[in-house]
Amino acid sequence: MNVNYSNNNAEESACKVTETICLPDSDLPRVVIIGGGFAGLALTEKLKHKEIQVILIDKNNFHQFQPLLYQVATSALEPDSIVFPFRKQFNGYKNVVFRLAEVEEIQASSNIIVTDKGTVEYDYLVLATGTTTNFFGMENVEQNSLGMKDIRDSLNIRHLMLQNLEQAAITCDDDERDALTNFVIVGGGPAGVEMAGALAEFCKYILPKDYPEYPSSIMNIYLIEAIDELLSTMSEKASTKTLKYLKDLDVKVLFNESVSDYDGSIVTTKSGKTIFAKNLIWTAGVKGQFPKGIDEKHVVKGNRIRTGSFLMVEGYENIFAIGDIAAIITNETPKGHPQVAQTAIQQGKYLGNSLLKIINDEAVKPFEYKDKGSLATVGKRKAVADLGKFKFAGYFAWLLWSIVHLMSISGFRNRLMVGFNWAVSYFTYEKSNRLIIRNFKPKSSVNNPKK
Ligand SMILES: Cc1cc2nc3c(=O)[nH]c(=O)nc-3n(C[C@H](O)[C@H](O)[C@H](O)COP(=O)(O)OP(=O)(O)OC[C@H]3O[C@@H](n4cnc5c(N)ncnc54)[C@H](O)[C@@H]3O)c2cc1C
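Analysis parameters
- Every chain's residues receive numbers from 1 upward, in the order its sequence appears when written.
- Predicted model: local features are reported for residues with pLDDT of at least 70 only, side-chain atom pairs are reported and counted for 80 or more only, and whole-chain, interface and lining totals are derived from all residues.
- UniProt positions are given in the numbering used here, feature names are shortened, and annotations may be inferred rather than shown by experiment.
- Two strands pair if DSSP finds at least two bridges between them.
- Counting from the N terminus, the helices are DSSP H or I runs at least four residues long and the strands are E runs at least two residues long.
- All axes are obtained by fitting lines to C-alpha atoms, using only the stretch in contact for helices, and the reported angles, taken between N-to-C directions, cover 0 to 180 degrees.
- Exposure classification rests on a simple neighbour count of other C-beta atoms within 10 Å of a residue's own: a residue reaching 20 or more is buried, one at 12 or fewer is exposed, and one in between is partly exposed. C-beta atoms are placed from the backbone.

An unreviewed UniProt entry lists the chain under the name NADH:ubiquinone reductase (non-electrogenic), with Aequorivita iocasae given as the organism. In the Sequence similarities (unreviewed entry) part of its UniProt record, the chain is described as follows: "Belongs to the NADH dehydrogenase family." Turning to the chain, the UniProt annotation filed under Catalytic activity (unreviewed entry) states: "a quinone + NADH + H(+) = a quinol + NAD(+)".

This is the structure in structure tokens:
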């Protein structure tokens, strides 16, 4: 087989300049991966240096470590500590090509994808596009609240929070000040719990130093959960301990409540409760996101794509789905596998091993998920851990959480930066600089500038 590996210059000269995206010529089978999250990146790592041309397309030029988004939002980490550029990741990977583009459509009958920059032909296509925030059709909530799904969301939360704390110091209106310093987090899963814990620590340790004009009681943190427990996918012990840790940090947890409306100032719940708050962070749900072109009949609950146990999308022979977007529905997994990083990584690695076999018509084993356990942290020095039969909480769980997260971040420099920041914060409770670099406005006030 003729391999035409190109360096950057050779790549440009090998370009066919048409409305297609320019790619190096190659006689190797072409695998196009859409999305470089945990799943897409694990797959690319497995396929590097193999007799296959790998094209990774992502709408961002970086991979992001979503489990630590809340730390960027609360100024514990700077954004570049938890994102890592694809081109740096792929240094020296001669069969891997990155293109920055948003994929809009799959034309499966002609093996082509259409992006905002041009088209790309594929022999094999892998969808690893993850999820987006699900506001369950509540337009007002979507327009006025903040999701936490990517690094821009985290920076938006950080900016809004700091702006509102500054505005609270300016206003002489007590009600307005209360609304500016009240924070409502919706969703008692890991993201909501971790965000609530981090905000509570901000309130306890940073607020008195940075804003001496306020009593620390000025900042109220509410966590709203639709059912009667937190971290419902973890053990009862984890759930109970988490509630205790949050209460110790003065977080007001409201169970069996769900938000029905939010106009930017008043949060209304289904039971009719209202909370004045200019800060609403929505972590209550996600739904799959993927380009159009996949037959609707293969799309299941949560907007996920149903695949067989080899991760091949049902009804197609050369299209696969991995990570949050994929759902293998069996008797053992009636709702699909959990939408967590471990599933995405394991599916990426699995497909990396099996794809070459599939291409060569060799037999492959079905995907098997190995549950490595769950961890969640609540503020500093407290976490809960469910590792099979071992369920524990407290300092050692937190230490384990810290090590696992530190080791999972892409890039040595990023690990070093996060480790350094955590060490400083461990001893001093200090966070990184709390700068308002740009003026953030929620979607509703951008659409309606008078607001
Ligand atoms: C706040 C938060 C905290 C979390 N905490 C944890 C945790 O503690 N532990 C845990 O295990 N899991 C956690 N998760 C879940 C975990 O992050 C996801 O399960 C994981 O990211 C899924 O990986 P993925 O590769 O399927 O998708 P993603 O990581 O979401 O990656 C999808 C990629 O596709 C790209 N993309 C999407 N659409 C297009 C398109 N049309 N064209 C081009 N590119 C596209 C995106 O830019 C992105 O790079 C958390 C998630 C969030 C949001």
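Engineer: Help me get a handle on the sheet that holds strand β18 (residues 279–282), residues and values and all.
Structural biologist: The five strands lie next to each other as β11-β18-β12-β13-β14, forming an open sheet whose pairing is parallel. At either margin of the open sheet sits one strand with a lone partner, and together these are β11 (146–147) and β14 (252–254). As paired strands, strand β12 (residues 182–186) and strand β13 (residues 220–224) are joined by five bridges and run parallel to one another. By the bridge assignment, Val184 is partnered in β13 with Tyr222.

Engineer: Quick one: what's the story with the sheet that holds strand β15 (residues 259–262), residue by residue and with numbers?
Structural biologist: If you walk across this open sheet you meet the three strands as β15-β16-β17, and the pairing is antiparallel. The open sheet is flanked by β15 and β17 (274–276), the only strands paired with a single partner. With strand direction ignored, the average angle separating the axes of adjacent strands in the sheet is 20°. Judged from the three bridges that link them, strand β16 (residues 266–269) and β17 form a sheet pairing that is antiparallel. Across the sheet, Thr268 pairs through a bridge with Thr274, a residue of β17.

Engineer: Help me get a handle on the environment of Ile403, residues and values and all.
Structural biologist: By secondary structure assignment, the location of Ile403 is in helix α11 (residues 395–408). Residue classification places Ile403 among the exposed positions, given that 11 C-beta atoms sit within 10 Å. Residues Ile403 and Tyr262, spaced 141 residues apart in sequence, show a C-alpha to C-alpha distance of 38 Å.

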